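Architecture at a glance
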Amino acid sequence: MASNTAPLSLTDLSSQLASTVARASEYIVAIRARRRIPSSGIIWRDGLIVSASHTVRRDGQVAITLPSGEAGNATVVARDPETDVVILRGDGLPAPAPRAQSNESSIGSLVLAVGRPGRTTTASFGIVSAEINGWRSQQGRRVDGILRLDLSVYDGFSGGPLVSASGGVIGLNNSALAGGSAATLPTSVIDSVIDQLLSRGHVSRPYLGVAVHPVTLSSSTVGQLKLDRPDGLIVLSVTNDTPAEKAGILVGDVLLEIGGAPLTKPADLFDALLARTAGESASIRLARGGDLKTLNVTPIDRNSGADR
Amino acid sequence: MTSILSPESPADATPSALVDLLSKWVIEVRHRGSTGAGIVWGKSGIVLTNAHCVREGEDPQIVTALGTRRGRLLAVARDQDLAAISVPGLEGPSLRLRDASALETGELLFAYGHPLGVSDALSMGVLHTVVRHRNGEPKFVVADIRLAPGNSGGPLVDADGQLIGINHMVVNGLGVAIPATAVAQFVDRVRTARAA
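Procedures and definitions
- Residues numbered from 1 in each chain as written.
- Chains lettered and ligands numbered in written order.
- Predicted model: local features only at pLDDT ≥ 70, side-chain atom pairs only at ≥ 80, totals over all residues.
- Helix = DSSP H or I, 4+ residues; strand = E, 2+ residues; numbered from the N terminus.
- Rg over C-alpha atoms; globule rule 2.2 N^0.38 Å.
- Buried ≥ 20, exposed ≤ 12 C-beta atoms within 10 Å, placed from the backbone.
- Pairing = 2+ DSSP bridges.
- Axes fitted to C-alpha atoms, helices over the stretch in contact; angles between N-to-C directions.
- Contact = placed C-beta atoms within 7 Å.
- Domains from an automatic or database assignment.
- Nonpolar A, V, L, I, M, F, W, Y, C, P; charged D, E, K, R; others polar.
- Expected span 1.5 Å × (residues − 1).
- Arc of directions from axis to C-beta.
- pLDDT = per-residue confidence, 0-100.

Now for the overall build of chain B. Along chain B, the regular secondary structure elements total two helices and 13 strands. Relative to a compact globule of 196 residues, whose C-alpha radius of gyration would be 16 Å, chain B shows 15 Å and is just as compact. In chain B, which comprises 196 residues, the share counted as buried stands at 49%.

See below:
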């Protein structure tokens, strides 16, 4: 113990943790929309609650318990199945959650997962253990910045906030994103999902209408077409009445680039489409037979019923 | 509730002071090859542990820093998972008990015991929640803390070294402890019965 710094006072640290939880509990509600144990929700904006969609099993009006312990009501507004985010509107909600500083969610930062699976709050304590980039939803959406946590998952974990040492919210906890282990969807992703859900009622998903598989072209083809690289995506099918068909893409075409960006794996095509808004056209460079072609495609929004 | 135990000035709330205190309270309770933890209950000559760490009608072995001796099993409450063992002459520092009703979610808690046979190990966690009886009395203290077999019967304390409860079991990865107040009531019953 030959340290010249003051020894860590456990009592001080302990009371700071408890007061952080107490502050966080001011913006956490309990949502009674499944059997047995209620789930947690975060007051995210004025009058708006976010939670993990899979824990809110009913639509329409659901019963909630406010931070004060009083009973209240909220209405499910919209869901994004890909990120498992649900938003609800409630009356008489207290102020929204303050956001954490960006430097409070580094690998190793101390964090608390706070929930309200009933009337009182519960907490678990640990550290941020990793940041996952390039997580993909089952529909292929790429989400960056999901945090893996070294802390216990408990009933009511999903839908509650990950809270920084200063009491701000880092993100929305959801064990379903990481196969049952502790994970958090970052604030930036939630804000973008909420903005899209509120303005359009759904999260946009630009759609082309092709199924592709990665291929490597022979060196003679690469030489003949004077390509920079041998990789591409071969078109296995083209769906009727889609942007791909309208643009003239055929089965057997090898897609090489979209908007100048190389296509070496199917995810590259997904990401390029998601980076655009529906209705914005893009040029696709492809190899067909012994020739190079460039076609213009205009992806549609597949999640929008009107465009189907 | 602390009547039988003289209050002591708070320990210096540092990790090393806490370990120093806990190492004087906690002993090993051995029974047929299994190891649990036990708490030396002040100067009473009684060791408290879980009922599942002993077997009725059989006297367990008590292992302290000074050696191994046989204790006498005084009382077992299966429904509360508590057992009292008489070890005459064995004394520890005075215990300060804390009522679980006063606990705040998120505050630091520490467990001390012999997880998986590793002697005298400290674990740290936070209060997850307090499960209550219908009348509002604390029933269980639930902590987000890593426990293993061998922590059973050992203490759960706060950052100040006050006894919160006796570690009882692990449910879904969370530690479940019997509140210290319930343990003290059990000790009072045992001592009354012995005096009578």
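Right, let's get into the sheet that holds strand E13 (residues 174-179) of chain B. Ordered by their spatial adjacency, six strands build a closed barrel running E8-E9-E10-E13-E12-E11 (chain B), and the pairing between neighbours is antiparallel. Across the sheet, the mean angle from the axis of one strand to that of its neighbour is 45°, orientation sign disregarded. Note that strand E11 (residues 155-158) of chain B and strand E12 (residues 163-171) of chain B share three bridges and pair antiparallel. Its bridge partner lying in E12 of chain B, Val157 of chain B is registered against Leu163 of chain B. Relative to the sheet, helix H1 (residues 10-24) of chain A contacts strand E8 (108-113), strand E9 (121-132) and E11 of chain B, its axis offset from that of E8 of chain B by approximately 125°. Running at roughly 40° to E13 of chain B, helix H2 (residues 180-195) of chain B makes contact with E12 and E13 of chain B of the sheet.

Bringing the domain arrangement of chain B into the picture now. Residues and elements named next belong to chain B. If you check the domain split of chain B, you get domain 1 (15-94 + 184-195) and domain 2 (100-181). Between domain 1 and domain 2, the contact holds 24 residues from the first and 21 residues from the second. Those elements that place two or more of their residues in the side of domain 1 that touches domain 2 are helix H1 (15-25), strand E1 (26-31), strand E2 (34-40), strand E3 (46-49) and H2. When residues in the side of domain 1 that touches domain 2 are grouped by element, the largest group, six residues, is from H1. For the side of domain 1 that touches domain 2, the per-class residue count stands at 13 nonpolar, nine polar and two charged.

Quick look at the interface of chain B and chain A now. Facing the 21 residues of chain B at the interface are 23 residues of chain A. If one sorts the elements of the side of chain B that touches chain A by residue count, E9 of chain B sits on top with four residues. Among the residues forming the side of chain B that touches chain A, the class breakdown is seven nonpolar, nine polar and five charged.

This part covers the pairing of strand E17 (residues 231-238) of chain A. Two faces, one strand: in a regular strand the side chains alternate between the faces of the sheet. Residue and element names in this part refer to chain A. Note that strand E16 (residues 210-216) and E17 share seven bridges and pair antiparallel. For His213, the partnering residue across the bridge sits in E17 and is Ile234. Bridge analysis of E17 against strand E18 (residues 254-258) gives two bridges, and the strand direction is antiparallel. Of the residues in E18, the one forming a bridge with Ile234 is Val254.

Quick look at the sheet that holds strand E5 (residues 71-80) of chain A now. The strands that make up a sheet pair up through hydrogen bonds in the backbone, lying either parallel or antiparallel. Residue and element names in this part refer to chain A. Pairing is antiparallel in the closed barrel, where six strands are placed in the order E1-E2-E3-E6-E5-E4. The sheet shows a mean angle of 45° between the axes of neighbouring strands, direction not considered. Note that strand E4 (residues 61-65) and E5 share five bridges and pair antiparallel. Note that in E5 the partner of Ile64 across the bridge is Gly72. Running at roughly 65° to strand E6 (residues 85-90), helix H2 (residues 187-200) makes contact with strand E2 (39-45), strand E3 (48-52), E5 and E6 of the sheet.

Further remarks concern the domain arrangement of chain A. Split by domain assignment, chain A resolves into domain 1 (10-200) and domain 2 (206-307). For domain 1 of chain A versus domain 2 of chain A, the separation of C-alpha centres amounts to 38 Å.

So, on to H1 of chain A. Residue and element names in this part refer to chain A. A rise of 1.5 Å per residue sets the reference length of H1, with its 15 residues, at 21 Å; its end C-alpha atoms lie 21 Å apart and thus fit the reference within 8%. For H1, the full list of buried residues reads Leu10, Ser14, Leu17, Ala18, Thr20, Val21 and Ala24. For H1, the buried positions fall inside an angular range of 155° around the axis, keeping them on one side.

Moving on, we get to the pairing of E8 of chain B. Residue and element names in this part refer to chain B. By the criterion of burial, E8 is predominantly enclosed, with six of the six residues buried. Residues Leu108, Phe110 and Tyr112 line one face of E8 and the alternating positions Leu109, Ala111 and Gly113 line the opposite face, and both faces are buried. Examined bridge by bridge, E8 and E9 share six bridges and lie antiparallel to one another. From the neighbouring strand, Tyr112 faces E9, where its bridge partner is Leu122. Pairing geometry for E8 and E11, over three bridges, is antiparallel. Bridging across to E11, Phe110 finds its partner in Val157.

A few words now on the confidence of the model for chain B. Residue and element names in this part refer to chain B. Confidence along chain B averages 89 in pLDDT terms, with 94% of residues attaining 70 or more. Counting contacts from residues 1-11, a segment whose pLDDT is below 50, to residues more than four positions away or on other chains yields 21 contacts. Interface predicted TM-score (ipTM) for the complex: 0.76; the corresponding pTM is 0.80.

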